[in-house]
Each structure stands twice: as structure tokens, then as C-alpha cells.
Amino acid sequence: MPKAYVFTRYGGPETEALVESDRPVPGPGQLLVAVRAAGVNPVDWKLRTGYRRPGASEPDFPAVFGSEAAGVVEEVGAGVTGFAVGDEVFGNPVTGGYAEYTLLPVEVAAHKPAGLSFTDAAALPVAAATAYDGVRQLALPAGATLLITGAGGGVGVAAAQIALAEGVRVVGVASEGKKEFVAALGAVHVPSGPDWADRVRAAAPDGVDAVFDLVGGEVLETAAGLLTDRSKLISGADRGTVARLGGAPVARARTAAVLDEVARLVTDGTLRPFVTAAFPLDRAGEALRTVEDGHAQGKIVIEVTA
């Protein structure tokens, strides 16, 4: 039987297991996909602890981890057009990506360009698409300065590249260990830790024009104090706090058109997914710990053998 990496109840890593599961059956408007790679994101472990996306229903346990996947279409559901068996695709699965098979709704599925690997494609539907949506939302002109907190993670790395390509100056807050990585993107690295805001002021003496927060909590509170225009404060990590501070959550489009666009940015050389580690499915727990521990650099991906 096909395998999947799941959490059996809310809690910590002790709730996780690699299990055998039935192959899902595609409903109307869905694709059955043989997974070749799945991206790992902070939201994955947060869902295991009981977090729910706005409007989401309670999960059915065991629940498969993973919000982004790439693979090959094995079967198409009723009413599907534009996709066929054998197509290479990527997108946001509804039955979890840490699995040998998953279901992709066609509205959040896109054809994988031939020049894009499954591993890189699996890094795009959440991280790169969130970055793309956030940069579009801020709509900064060339020459503006964007502050990104959590700049060394998957979303931060993508947001920095997209903004820099549009002529925006990027100041990225990340740990000292990620200094060379962030600087290599073309961003100005500011070490995180106590007094990081003072270091931002020194790096951007004329101030920052916008903040793209990917940390939340106290970091978001401090970052907001660096802005005069709170309409240019967005967060992909803390919806409640950013709203209270006069900013807004990242407005996710969640469309195939955005997936097509981020894939184009990769193939034309504007965006690098920066997958820094890949794990097989039977080591999915290690992959998730790398992200949950907060030390991941770039993107972590799970690769599934055909």
C-alpha cells in the first residue's frame, strides 16, 4: 500500500508516524498525483499543534503533512480540462504532500515546466507563492527599502529575490549563521537578536518603506515601530498581531496563475528556490524537525521515489 507521513492527533513529534494508506480517489476538479517531491514549511508542524488556517475545518486523523507537492498525474477527476494522465504538475494538495499519492485541485495546480526539477517545483506553491503575493501586495517602487524579518527561510529568500529584481533595496533580518546566505542574495544582512532594530536603523539610515514580517510576535511588534506608514506592514506569520498594529496579513491569491508566474521566474533565472536539503519520505520526521527547530536555511524538501 502507498505510504504517507501523518500526525495521529494534536501534539508534538510523538504524534507523527509513517503509515500505509489507501490511494486517494480524485473527485470532480481534482488530479490524483504520484508525488515526486513535497516542500516542508513551518505551517506543517503548526497544524500538528492545533493551529487551523482561517476557515479551515477540523482535520480527519490521521492527517497527512504537507501543503505543497510536485509529481505526475495518475488520474483525472470528473470535469477536469487542461490536464491529462502523465502530465508533470505542482501545486497545493488537499490530502497532504508527504505521501506517495495526493490530490491536487485544478484551481491550485499548474504544469511543471520541463526545465524545472520536481524538487525545485515542490518549493514553490507555498513559500515562493507567499513571497510573490506579499511583494505584489506591498507594490513598492524601485528604490524603496523593504525590511524582511526571517529573511533566511523559504519565504524570506524568495521575497528578497523578487523584490530585488524589481529594483527594491532589501534589508534582511536573520541569524548570524545565515549572514553569507542572505548577503549572497543581494540583500543587506542584519543579525537577529537583542537590539536588532538599532542595527536596521544603522543599515537603513533613511528608514524603511515597508516590512514583510515572517516571524511574528515581539519581532513583528518591534518591526512595526520602524515604519511610519502601517499600510506597508504585512505578515505571513502572525495575523492577529499585524492586524492590531494597523497592518495586514499577506493576502494569498492561491491561484494557478500565481503558480505559473513563480515557475516562470525560476525558469528565467529571476528566482532560485534554494533547496538546501532533501530527505526521503522515510526520513520525513527529520525534514520537519529541521524546519521546526528554526534553523533551516532556504527550503527543505522531501523527495519521493517513483
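Data block above holds the structure.
Residues numbered from 1 in each chain as written. Predicted model: local features only at pLDDT ≥ 70, side-chain atom pairs only at ≥ 80, totals over all residues. Heavy atoms only, no water.

## Examining the overall build of the protein chain
Now for step 1: Summing up its helical and strand segments, the protein chain has ten helices and 16 strands in all.
Now for step 2: The globule rule puts the C-alpha radius of gyration for 306 residues at 19 Å, and the 19 Å found for the protein chain is close to it.
Now for step 3: Overall size of the protein chain, expressed as C-alpha extent along the three principal axes, is 60 × 40 × 35 Å.
Now for step 4: Across the 306 residues that make up the protein chain, the buried fraction comes to 51%.
Now for step 5: Long-range contacts, defined here as pairs at least 24 residues apart, represent 66% of the contacts in the protein chain between residues at least 6 apart.
Now for step 6: For the protein chain, the accessible area works out to roughly 12,700 Å², and carbon and sulfur atoms hold 51% of it.
Now for step 7: Distance between charge centroids for the protein chain: 3 Å, based on 26 positive and 36 negative side chains. (Helix = DSSP H or I, 4+ residues; strand = E, 2+ residues; numbered from the N terminus. Rg over C-alpha atoms; globule rule 2.2 N^0.38 Å. Buried < 20%, exposed > 50% of the residue type's maximum accessible area, 1.4 Å probe, protein only. Contact = heavy atoms within 4.5 Å. Areas by Shrake-Rupley, 256 points an atom, 1.4 Å probe, with all protein chains shown as cover. Lys, Arg positive; Asp, Glu negative; His and termini not counted. Charge placed at Lys NZ, Arg CZ, Asp CG, Glu CD.)

## Observations concerning empty space enclosed by the protein
Now for step 1: Enumeration over the complete set of coordinates arrives at one cavity of 30 Å³ or more.
Now for step 2: What the largest cavity holds in volume is close to 50 Å³.
Now for step 3: Listing elements by their share of the lining of the largest cavity, those giving two or more residues are helix H3 (124–138) and helix H4 (154–165).
Now for step 4: Of the residues that constitute the lining of the largest cavity, the class distribution is eight nonpolar, two polar and two charged. (1 Å grid on protein atoms, 1.4 Å probe; cavity = no way out; pocket = protein on both sides within 12 Å on 5 of 7 lines; lining within 4 Å. Points joined across faces, edges and corners; volume = space filled by probe spheres on them. Nonpolar A, V, L, I, M, F, W, Y, C, P; charged D, E, K, R; others polar.)

## Some points on the pattern of salt bridges
Now for step 1: Inspection of every chain in the model, using the stated rule, returns 16 salt bridges.
Now for step 2: Among the ionic pairs, Glu16 bridges to Arg289, the shortest N-O distance being 2.6 Å. Of the two residues, Glu16 is situated in strand S2 (residues 16–20) and Arg289 in helix H10 (residues 284–292); the sequence distance between them amounts to 273 residues.
Now for step 3: Overall, the relative accessible area of 11% leaves Glu16 in the buried class.
Now for step 4: Residue Arg289 is joined to Glu292 by a salt bridge in which the shortest nitrogen-to-oxygen separation is 2.9 Å. Placement of the pair is Arg289 and Glu292 together in helix H10, with a separation of three residues, close to one helical turn.
Now for step 5: On the basis of relative accessible area, Glu292 is assigned to the partly exposed category, the value being 22%.
Now for step 6: What you see here is one network of salt bridges that share partners, running through Glu16, Arg48, Arg289 and Glu292. (Salt bridge = Lys/Arg side-chain N within 4 Å of Asp/Glu carboxyl O.)

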